[in-house]
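# What the coordinates show
Here are the chains, one letter per residue:
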Amino acid sequence: MLSTNMASSSNYWEDLRKQARQLENELDLKLVSFSKLCTGYSSSKSQNQTRDSRSDSLGSSQDSILVAMTTELEQLLASLTAVNDKMAEYTHTPGASLHNAALMHTLQRHRDILQDYTHEFHKTKSNFFNLREREDLLGSIHRDIESYKSGSGVNNRRTELFLKEHEHLRNSDSLIDNAISIAMATKENITFQRGMLKSIQTRVTTLANRFPAINSLIQKINLRKRRDSLILGVVIGVCTILLLLYTFH
């Protein structure tokens, strides 16, 4: 009876190991396929964005395949976890105490494999969802640009006119600013020159006050200039009158 129970327990353990190996092999193949699909996801999405509306159905089909494969892998991992739990429970049964060290070694190896597959799956899954989110965002921007380009000609023309008018206003503001800058610089230059002339006039006046002879000479020069101007004016007036008389006679 005891040998029968031990044989039954041994068969149960072998069945669990067989299930574990089968699930591990299936997971290995699925993970490789899942990783390849995720790697080719970006390039296919980029190509689909440049095609017609049929590309949307292709992209949606690819998304559906990846989501379905994600669900399938999660189920396989859950099944392998359940098998490992059953193997762990078996190691605590009375009949397994004789081979406990070997059983624990085998169980630990299956647990390590499960942990590696779980880590690889979550890493690939995270990369896939991040990539899909990025591609969806880029696709949305691409569609917005295409929608803008394919908009009505009136709206595009109006937008173009608004942009040109805005550019014209900016250029006008720039010209006004330049004109104001030139005017301010000219004002500062004139003010500086006026100050210099006042300074020269003050110096001349000071010299004239210091040297009476120079002051007297300057006054004589001014009187002569006035006399010459008066004589020149009289001559021009007489000449003008004579010319008018000659013209009318």
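Residues numbered from 1 in each chain as written. Predicted model: local features only at pLDDT ≥ 70, side-chain atom pairs only at ≥ 80, totals over all residues. Heavy atoms only, no water.

### Structural notes on the overall build of the protein chain
When its secondary structure is counted, the protein chain shows six helices and zero strands. For the protein chain, the sequential pattern of α-helices and β-strands runs α-α-α-α-α-α. By the burial criterion, 18% of the 249 residues in the protein chain qualify as buried. A fraction of 79% describes how many contacts in the protein chain between residues 6 or more apart in sequence connect residues 24 or more apart. Within the structure as shown, the protein chain displays about 18800 Å² of accessible surface, and the carbon and sulfur contribution to it stands at 60%. (Helix = DSSP H or I, 4+ residues; strand = E, 2+ residues; numbered from the N terminus. Buried < 20%, exposed > 50% of the residue type's maximum accessible area, 1.4 Å probe, protein only. Contact = heavy atoms within 4.5 Å. Areas by Shrake-Rupley, 256 points an atom, 1.4 Å probe, with all protein chains shown as cover.)

### Some points on the pattern of salt bridges
With the rule as written, the count across this model stands at two salt bridges. Note that Glu72 is salt-bridged to Lys30, the shortest N-O span being 3.1 Å. Pair noted here: Glu72 is in helix H3 (residues 54-90) and Lys30 is in helix H1 (residues 2-39), with a separation of 42 residues, a long-range link. On the accessibility criterion, Glu72 (29% relative accessible area) is partly exposed. (Salt bridge = Lys/Arg side-chain N within 4 Å of Asp/Glu carboxyl O.)

### Describing a negative patch on the surface
Side chains of Asp28, Asp112, Asp116 and Glu120 sit close together on the surface and give a patch of like negative charge. With three residues, helix H4 (residues 100-149) is the single largest residue contributor to the negative patch. On the secondary structure map, Asp28 appears in helix H1. (Patch = residues over 30% accessible without salt bridge, like charges linked within 9 Å, V, L, I, M, F, W, Y side chains within 5 Å. Lys, Arg positive; Asp, Glu negative; His and termini not counted. Charge placed at Lys NZ, Arg CZ, Asp CG, Glu CD.)

### Some thoughts on the packing of aromatic side chains
Within a pair of aromatic rings, the relevant descriptors are the distance that separates the centres and the angle that separates the planes. Scanning all chains against the criterion turns up three aromatic pairs. A centroid spacing of 6.0 Å and a plane angle of 55° characterise the contact between Tyr12 and Tyr90, whose relative ring orientation is tilted. Taken together, the positions of Tyr12 in helix H1 and Tyr90 in helix H3 put the pair 78 residues apart, joining distant regions of the chain. For Tyr12, a relative accessible area of 37% gives the class partly exposed. In this structure Tyr90 comes out as buried when scored by relative accessible area, which is 9%. (Phe/Tyr/Trp six-rings, centres within 6.5 Å; stacked < 30°, edge-to-face > 60°.)

### So, the confidence of the model for the protein chain
Across the protein chain, pLDDT averages 76, with 74% of residues at or above 70. Looking across the protein chain, the model is least confident in helix H2 (residues 41-48), with a mean pLDDT of 56, and most confident in H3, with 81. Scored below 50 in pLDDT, residues 50-55 makes one contact in the model with residues more than four places away or belonging to other chains. (pLDDT = per-residue confidence, 0-100.)

### Digging into the nonpolar core
Ranked by size, the top nonpolar core spans 24 residues in total, and within it Leu27, Phe34, Leu73 and Met87 carry the most contacts. For Leu27, the residues in contact, after removing those within four places along its chain, are Leu73, Leu76, Leu77, Leu80 and Tyr117. (Core = buried A, V, L, I, M, F, W, Y, C linked by side-chain atoms within 4.5 Å.)

### Points about the UniProt feature "transmembrane region" (unreviewed entry) in the protein chain
The UniProt record annotates "transmembrane region" (unreviewed entry) at residues 230-248. Counted over residues 230-248, helix gives 100% and strand 0%. Its end C-alpha atoms are 27 Å apart. (UniProt positions renumbered as here; feature names shortened; annotations may be inferred.)

### Some points on the side chain of Thr70
By the secondary structure assignment, Thr70 is in helix H3. Non-local contacts of Thr70, meaning those with residues more than four positions away in its chain, are made with Phe34, Phe121 and Lys125.

### Here's the deal with the environment of Lys123
Structurally, the position occupied by Lys123 is in helix H4. Counting along the chain gives 88 residues from Lys123 to Ser35, while the straight-line C-alpha distance between them is 9.9 Å.

### Things to note about a nonpolar patch on the surface
A cluster of nonpolar side chains, contributed by Leu230, Val234, Val238, Ile241, Leu242 and Leu245, occupies part of the molecular surface with about 570 Å² of accessible area. Note that Leu242 resides in helix H6 (residues 212-248). Note on Leu242: relative accessible area 52%, which makes it exposed.

### Side note on the environment of Leu66
As for its position among the elements, Leu66 is in helix H3. The exposure class of Leu66 is buried, given its relative accessible area of 0%. As for Leu66 and Cys38, which are separated by 28 residues in sequence, their C-alpha atoms are 7.7 Å apart.

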